[in-house]
Every structure is written in structure tokens, then in C-alpha cells.
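# Results of the structural survey
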Amino acid sequence: MEVITKDHAELAENFNRDEERVNWHDETLWWVRQKRDKMVHQLPEWEQLREAASAIKNNVLGNLHNYLQQFEANAQANGITVHWAADAAEHNQIIHRLLNEHQVTRMVKSKSMLTEECGLNEYLHEHGIEVIDSDLGERIVQLAKEPPSHIVLPCIHKKKEEIGELFHQYLGTPLDVSDPQVLTEAARGHLREIFITRKAALTGVNFAIAETGEFVVCTNEGNADMGAHLADIHIASMGIEKLIPEKKHLGIFLRLLTRSATGQPITTYSSHFKTPRMGQQMHIVLVDNGRTVQLGREDFRNSLKCIRCGACMNTCPVYRRSGGHSYHNAVAGPIGSILAPNLDMEKYKDLPFASTLCGSCTNVCPVKIDIHDQLYKWRQVLVKKGLAPTGKTIGMKVMGATLSSPTIYRLAGKMGRWTLKYAPFAVNNSFNPWYKHRDMPEPPEQSFGEWYKQNRGSK
Ligand code: SF4
């Protein structure tokens with residue numbers, strides 16, 4: 001996997017080189033957002049559902065240790081083996097050990113952003129274990145040797161012609177075939193063979209119910225079920241924030257999740273896993289990996305309510321036009337930009353600035369996370385810690401001084417207008433990233449202040 005050394009703006013510039021792709025990416029995600037809106041408007045109780053979900057998650061976050069212990073006890077009583085992982089390394093080691101104990105060298109895996117966060121595929125590959133992603137979008141990016149660019153639509157950045165080329169190369173489909181129906185049939189045949197020959201399957205967890213010790217996995221393709229039901233050993237990876245207290249709460253979240261994610265009324269498969277079938281082993285790994293640190297950050301703990309619907313990405317004007325890979329993190333978009341600095345402030349210091357703070361993410365979030373407020377708060381944390389980009393820090397200081405003095409403000413305005421008129425190359429040059437995708441405005445002859453004085457000041 002490529003080591004990323006560029007920041008969001010530089011990576012977004014790469015994505016923006018292909019204007020046709022950017023326009024189509026933008027329009028496709030906006031179309032998903034509109035599908036979500038149509039669904040939402042059909043439910044008069046939508047805001048009540050959001051309120052309820054947010055309140056339930058508040059309760060979970062306030063009593064997390066109790067619910068985790070309750071879940072562990074009930075899951076164990078159901079015959080599930082529960083493991084605890086403090087961080088990504090421990091998560092990967094536990095799974096490696098389980099696979100070794102069963103002499104497994106190939107595993108099928110359904111979508112799990114947590115395993116992306118932990119770098120599980122790469123870790124197991126280095127230890128001689130092959131992982132086959134069974135979600136179609138994930139399989140496509142896996143074949144392309146790329147990370148997912150969206151938590152719900154992992155290959156949304158890829159054109160169907162590119163997928164056709166990949167399938168021709170790896171799955172033997174005819175050259176130049178890019179018909180989605182044909183490609184999906186080819187993937188189906190390819191994955192079917194994998195499902196019936198693997199001994200181990202890993203799934204993610206959408207919701208875990210403390211009251212019953214069961215967990216729920218939502219997919220549209222049934223791939224989690226195919227993997228888990230055919231395997232001798234089923235391992236589920238779960239972030240510790242995925243708990244809900246009681247089974248009766250599940251309906252609220254299921255109604256919110258898919259409407260927000262894809263504009264469907266419900267996911268095609270919402271599968272409950274409670275007890276291993278006869279002869280099967282079922283394991284669940286409960287992973288912290290920075291979540292308890294985030295829980296302790298008062299301003300940011302709400303981000304742990306996230307149910308990974310992706311709605312904040314679909315609506316975000318920056319995400320839609322910069323692409324998921326520009327966030328250089330497993331979870332991209334607005335929510336990724338508040339989760340990532342919690343894990344590594346230095347590495348992800350650019351992400352809270354990759355936003356217009358328009359608040360659209362907060363408006364669509366089904367669990368009412370104050371996303372844009374948290375982005376703004378992260379900026380303040382990063383500036384206080386001296387991690388904001390030097391250019392931005394100096395720029396803000398200069399702007400602060402300019403805006404606090406009418407004399408300097410007027411002088412700066414005059415200089416700006418003069419520069420744009422007589423020396424535009426000082427601004428319109430390839431070193432100015434802002435200019436690269438925009439046309440500079442014609443400078444006005446005079447400032448508003450000057451105009452006002454001239455025309456109205458004496459009346
Ligand atoms: S932050 Fe909200 S909108 Fe974004 S993925 Fe999470 S639940 Fe969905």
C-alpha cells in the first residue's frame with residue numbers, strides 16, 4: 001500500500017486533474033443525497049427518530065463500560081468467544097492467532113471499515129494469509145490495489161470502463177465489456193467459488209445489542225451471510241462504540257441507517273448473529289483503538305455516535321469534489337476529519353481544514369452529530385498546539401491585524417486593488433493553489449467605503 005506524504009489539498013489536486021471524473025463523482029453523490037432526501041420526506045417522524053437515536057447513543061457513551069460488560073456476558077452465554085483489543089496491532093494479532101490455530105491461510109471478509117482502520121489486510125498479507133474482500137465495491141478496489149474511497153460506496157471514484165478493464169485482467173471477462181450487469185455476474189461467479197472454499201470468514205458489526213449478546217450486520221449483497229454461514233470460523237470485528245442497549249432500539253437505527261446511506265427504506269440483508277451453528281466457532285473482537293481517548297474529549301465524544309451511513313460525505317461539497325482518497329484515512333469526509341486527528345493529530349492536522357463549515361453534514365447526520373462544530377473546534381485545538389500550517393497561521397495573524405485597524409484595512413484594500421489591476425501575476429500564478437481552479441475577479445475602481453463616502457456620506 002502506498003505511503004501517503006501529501007496533505008488533503010495536494011491529494012485533492014491530483015483528483016481534480018480529471019475534470020470529467022470530478023463532475024461525475026460530484027453529481028453521482030449528489031444524486032444519492034437527493035435519494036436520501038426523498039426517503040426522509042416520506043417519514044413525518046424523521047426528526048423524532050434522529051432525536052431518539054442520538055439520545056440512545058448518549059446513554060451508551062455515558063455507560064459504555066456497563067453495556068460492554070453486559071454484552072460480553074450475554075455473548076459468552078450464547079457461545080460466542082469475546083476478545084478485547086486495545087489498539088489496531090492487538091486486533092490484528094488476535095485475528096492472526098485465531099487463523100493460525102485453525103491453519104487458515106485464506107479468509108473471506110465482508111465490509112468492515114474497522115479492519116481498514118487497523119490495516120488488517122496488509123498485516124495478514126505480510127504474514128502469509130490471503131484476504132478476499134467479498135463486498136463487490138471492496139473487491140474492485142482490492143483488485144485495483146487501492147483503499148476504499150467511501151465507507152458505503154468503496155469504489156465510487158471508479159468509472160465502469162475501469163472496472164471492466166480490471167475484471168478483464170483478473171476475472172477473464174471479455175475485453176472492453178463494461179456493462180454493470182455482466183460485470184456483476186462475473187463477480188458473483190468469482191466470489192461464489194471463494195465462499196465455498198474458505199474455512200474462515202470475517203464480518204464487521206453494524207450494531208451489537210447488550211441485552212441479548214447478539215450482533216447485526218447490514219449488507220445489500222448478502223456477502224456477509226454467505227461468508228459467515230459457510231465458514232468453520234466466523235470472526236466479527238467491532239469498534240466498542242457500536243453497542244445499543246436493547247433489541248427494541250434496533251428498529252430506530254435500521255430505519256435511519258439505509259435511508260441516510262443510499263436512500264433505500266431498509267438494507268437488503270440485516271442479519272442477526274447470536275450463536276454459532278453446530279461445529280462452528282464464532283468470535284468477536286471488541287476494539288478500542290483510540291475510542292476511549294475520544295470519549296474523554298468532551299468536545300468530540302459525540303463523534304462516537306456515528307453509524308457509518310456516509311450521508312455526511314454525500315452532501316459535503318469538499319468531499320464530492322476532492323474524492324475520498326484525498327483524506328488519506330480509512331474513513332474519509334467530514335466524519336473522518338474529526339475522527340482521524342484523535343488517532344494522530346500530527347498526521348491528520350490538515351483534515352479539519354478540508355471543509356467549508358457550511359453545516360450540511362450536521363443537517364443530514366441521522367444521529368445528530370455536531371460535525372461542523374467539531375471541525376471548527378479541531379481547528380482551534382490544532383492552532384493552539386502549533387500544528388496549523390505555517391502559511392495559514394501567518395495569514396490569520398496578518399488578517400487579524402488588518403481587520404482590527406480601519407487604517408490598515410483601507411490601505412490593504414487599496415494595495416489589493418492596485419495589485420490585481422497592475423501586477424496580477426503576483427496573485428494569478430501557479431504557486432497560488434486557490435487560483436488554480438478559479439478565475440480572478442476584476443478589481444473594482446473603489447472600495448465600498450469610498451463609494452459610500454462619495455455618494456451617501458454627506459446626506
Ligand atoms: S457522522 Fe453522521 S452522517 Fe456521517 S457517516 Fe456518521 S452517522 Fe452518517
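The structure displayed is predicted, hence computed values, not measured ones.

Moving on to the sheet that holds strand β2 (residues 106–109). An order of β1-β10-β7-β4-β2-β3 is seen for the six strands of this open sheet, with the pairing classed as parallel. Taken across any chain shown, the strands that pair with only one partner, and hence form the sheet edges, are β1 (81–85) and β3 (130–133). Within this sheet the neighbouring strands show an average axis-to-axis angle of 25°, counted without direction. Pairing analysis gives three bridges linking β2 to strand β4 (residues 200–203), with the strands arranged parallel. Across the sheet, residue Val-108 finds its bridge partner in β4, namely Ala-201. Each of β1, β2, β4, β7 (233–239) and β10 (281–287) touches helix α5 (residues 88–101); the most contacted strand, β1, lies at about 145° to it.

Here we come to the domain arrangement of the protein chain. Buried accessible area, meaning the area lost when the parts come together, often serves as the stated size of an interface. In terms of domain boundaries, the protein chain breaks down into domain 1 (43–289) and domain 2 (390–455). The centre of domain 1, based on its C-alpha atoms, is set 51 Å off from the matching centre of domain 2.

Attention now goes to the pairing of strand β6 (residues 214–219). Summarising burial for β6: six of the six residues are buried, a large majority. In the sheet, strand β5 (residues 207–209) pairs with β6 via three bridges, with the strands oriented antiparallel. The residue of β6 that forms the bridge with Ile-209 is Glu-214. Remark: four residues form the turn of the hairpin made by β5 and β6, two consecutive strands paired antiparallel; Gly-213 in that turn has positive phi of roughly 75°. Pairing of β6 with strand β9 (residues 269–273), which is carried by five bridges, proceeds in the antiparallel orientation. Across the sheet, the residue bridging to Phe-215 is Phe-273, located in β9.

Okay, the site of the ligand next. Residues in close proximity to the ligand total 13 residues, the closest being Cys-306, Cys-309, Gly-310, Cys-312 and Cys-365. Looking at the shell around the ligand, its residues break down into eleven nonpolar, one polar and one charged.

Using the criterion set out here, one finds seven aromatic pairs in the structure. With 4.2 Å between their ring centres and 15° between their planes, Phe-300 and Trp-378 make a pair best called stacked. Of this pair, Phe-300 sits in the loop between α13 (291–296) and α14 (311–315) while Trp-378 is found in helix α18 (residues 371–384), placing the two residues 78 residues apart along the sequence. Exposure remark for Phe-300: the relative accessible area of 5% places this residue in the buried category. Using a relative accessible area of 0% as the deciding quantity, one classes Trp-378 as buried. Pairing Trp-418 with Tyr-422 gives two aromatic rings, centres 5.4 Å apart and planes at 45°, and the pair type is tilted. Remark: Tyr-422 and Trp-418 occur in helix α20 (residues 406–422); sequence separation between them is four residues, near one turn of the helix. Both residues of the pair, Trp-418 and Tyr-422, count as exposed. Each residue in the set Phe-448, Trp-451 and Tyr-452 is aromatic and connected to the rest through ring pairs, giving one cluster. Between Lys-57 and the ring centre of Phe-253, over which it is positioned, the NZ or CZ distance is 5.7 Å.

Scanning all chains against the criterion turns up three cavities of 30 Å³ or more. A volume near 180 Å³ is recorded for the largest cavity. Surrounding the largest cavity, 16 residues form its lining, Glu-117, Arg-291, Arg-308, Leu-339 and Leu-343 being those nearest its centre. When residues of the lining of the largest cavity are traced back to their parent elements, those giving at least two are α13 and α16 (333–343).

A word on the pairing of β7. For β7, a buried count of seven out of seven residues is recorded, marking the element as mostly surrounded by other parts of the structure. Of the two faces of β7, the one lined by Ile-233, Ile-235, Ser-237 and Gly-239 and the one lined by His-234, Ala-236 and Met-238 are each fully buried. Across four bridges, the pairing between β4 and β7 is parallel. Note on β7: the bridge partner recorded for Ala-200 is Ile-233. Note that β7 and β10 share seven bridges and pair parallel. From the neighbouring strand, Met-238 faces β10, where its bridge partner is Leu-286.

Turning our attention to helix α11 (residues 223–230). What α11 keeps buried is the set Asn-223, Ala-224, Asp-225, Gly-227 and Ala-228. In this structure, the buried residues of α11 make contact with β2, α10 (180–197), β4, β6, β7 and β9.

Before going further, it helps to examine the pattern of salt bridges. Charged atoms that come close allow side chains of opposite charge to pair. Per the stated rule, a full pass over the model turns up 26 salt bridges. The residue Lys-368 makes a salt bridge to Glu-51 at a minimum N-O spacing of 2.8 Å. A residue pair is termed long-range when its members are at least 10 positions apart, and Lys-368 in the loop between α17 (360–364) and α18 and Glu-51 in helix α3 (residues 46–62) qualify at 317 residues. Taken together, the shared-partner salt bridges in this structure form one network comprising Asp-18, Arg-21, Lys-159 and Glu-162.

Moving on to the nonpolar core. Judged by nonpolar contacts, the single largest core of 56 residues is most densely connected at Phe-207, Phe-253, Tyr-319, Tyr-327, Ile-335, Ile-369 and Ile-371. In terms of residues, this core owes the most to one element, helix α12 (residues 250–261), which gives seven residues. Among residues more than four places away in sequence, those in contact with Ile-371 are Cys-312, Pro-334, Ile-335, Ile-338, Cys-361, Thr-362 and Cys-365. The next biggest cluster of nonpolar side chains, apart from the first, holds 26 residues, and it includes Ala-75, Ala-236, Met-238 and Leu-304.

So, about the environment of Gly-263. Within the secondary structure, Gly-263 is located in the loop between α12 and β9. Under the relative-accessibility criterion, Gly-263 is labelled buried at 10%. In sequence terms Gly-263 and Leu-403 are 140 residues apart; their C-alpha atoms lie 45 Å from each other. Ignoring sequence-local partners within four residues, the contact set of Gly-263 consists of Lys-35, Arg-36, Met-39 and Thr-258.

Procedures and definitions
Residues numbered from 1 in each chain as written. Predicted model: local features only at pLDDT ≥ 70, side-chain atom pairs only at ≥ 80, totals over all residues. Heavy atoms only, no water. Pairing = 2+ DSSP bridges. Helix = DSSP H or I, 4+ residues; strand = E, 2+ residues; numbered from the N terminus. Axes fitted to C-alpha atoms, helices over the stretch in contact; angles between N-to-C directions. Contact = heavy atoms within 4.5 Å. Domains from an automatic or database assignment. Buried < 20%, exposed > 50% of the residue type's maximum accessible area, 1.4 Å probe, protein only. Near = heavy atom within 4 Å. Nonpolar A, V, L, I, M, F, W, Y, C, P; charged D, E, K, R; others polar. Phe/Tyr/Trp six-rings, centres within 6.5 Å; stacked < 30°, edge-to-face > 60°. Lys NZ or Arg CZ within 6 Å of the ring centre and 35° of its normal. 1 Å grid on protein atoms, 1.4 Å probe; cavity = no way out; pocket = protein on both sides within 12 Å on 5 of 7 lines; lining within 4 Å. Points joined across faces, edges and corners; volume = space filled by probe spheres on them. Salt bridge = Lys/Arg side-chain N within 4 Å of Asp/Glu carboxyl O. Core = buried A, V, L, I, M, F, W, Y, C linked by side-chain atoms within 4.5 Å.

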